[in-house]
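Letter by letter, the chains look like this.
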Amino acid sequence: MSHTKVLLVDDEVEFASALAERLQMRDYDVKTASNGLEAMALFHGSPPDIVILDLRIPGMDGLEILKNIKIFDPTIEVLILTGHGDVESVAEGMKSGAFEYIMKPIDIGELTSKIDMAMKKRTGSRD
């Protein structure tokens, strides 16, 4: 696996830390943010390949962050993470350019598969 750069944005710090650790063990280069302002600062400081974005975070809502990411670089793929099953927000996220959404609790195999698919789309790989 190449070292795909992932930005994980979730206000549940312990969850994000544990998930980041599991992804790092699988050779992903992961940075975490717990609020919208921190996420955007990390994003602009070192743009990731993939963003895993919780819809409900303090500072900015996830849809606002998604829209800002897509304005900055439409090729960066965003996976929406939600534990709320908010169908309207997920639909809005997909319309705004999200690659996929993932429901909590997360299956690490499903998540890594979606990260890899998003990376293939970003790089234009067909394999």
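**Some words on the overall build of the chain**
In step 1: On a plain count of helices and strands, the chain comes out with 5 helices and 5 strands.
In step 2: Seen in sequence order, the chain has helices and strands lined up from the N terminus as β-α-β-α-β-α-β-α-β-α.
In step 3: The C-alpha radius of gyration computed for the chain amounts to 13 Å, which stays within 12% of the reference 14 Å derived for 127 residues, consistent with globular compactness.
In step 4: On the principal axes, the C-alpha backbone points of the chain span a range of 35 × 30 × 30 Å.
In step 5: The buried share among the 127 residues of the chain stands at 45%.
In step 6: Within the chain, counting contacts between residues at least 6 apart in sequence, those at least 24 apart form 64% of the total.
In step 7: In the form shown here, the chain has an accessible surface area of approximately 6,500 Å², with 51% of it arising from carbon and sulfur atoms.
In step 8: Distance between charge centroids for the chain: 6 Å, based on 14 positive and 22 negative side chains.

**Here we look at the packing of aromatic side chains**
In step 1: This model, assessed by the stated rule, comprises 1 aromatic pair.
In step 2: Between K104 and the ring centre of F15, over which it is positioned, the NZ or CZ distance is 4.7 Å.

Reading guide: rules and limits
Residues numbered from 1 in each chain as written. Predicted model: local features only at pLDDT ≥ 70, side-chain atom pairs only at ≥ 80, totals over all residues. Heavy atoms only, no water. Helix = DSSP H or I, 4+ residues; strand = E, 2+ residues; numbered from the N terminus. Rg over C-alpha atoms; globule rule 2.2 N^0.38 Å. Buried < 20%, exposed > 50% of the residue type's maximum accessible area, 1.4 Å probe, protein only. Contact = heavy atoms within 4.5 Å. Areas by Shrake-Rupley, 256 points an atom, 1.4 Å probe, with all protein chains shown as cover. Lys, Arg positive; Asp, Glu negative; His and termini not counted. Charge placed at Lys NZ, Arg CZ, Asp CG, Glu CD. Phe/Tyr/Trp six-rings, centres within 6.5 Å; stacked < 30°, edge-to-face > 60°. Lys NZ or Arg CZ within 6 Å of the ring centre and 35° of its normal.

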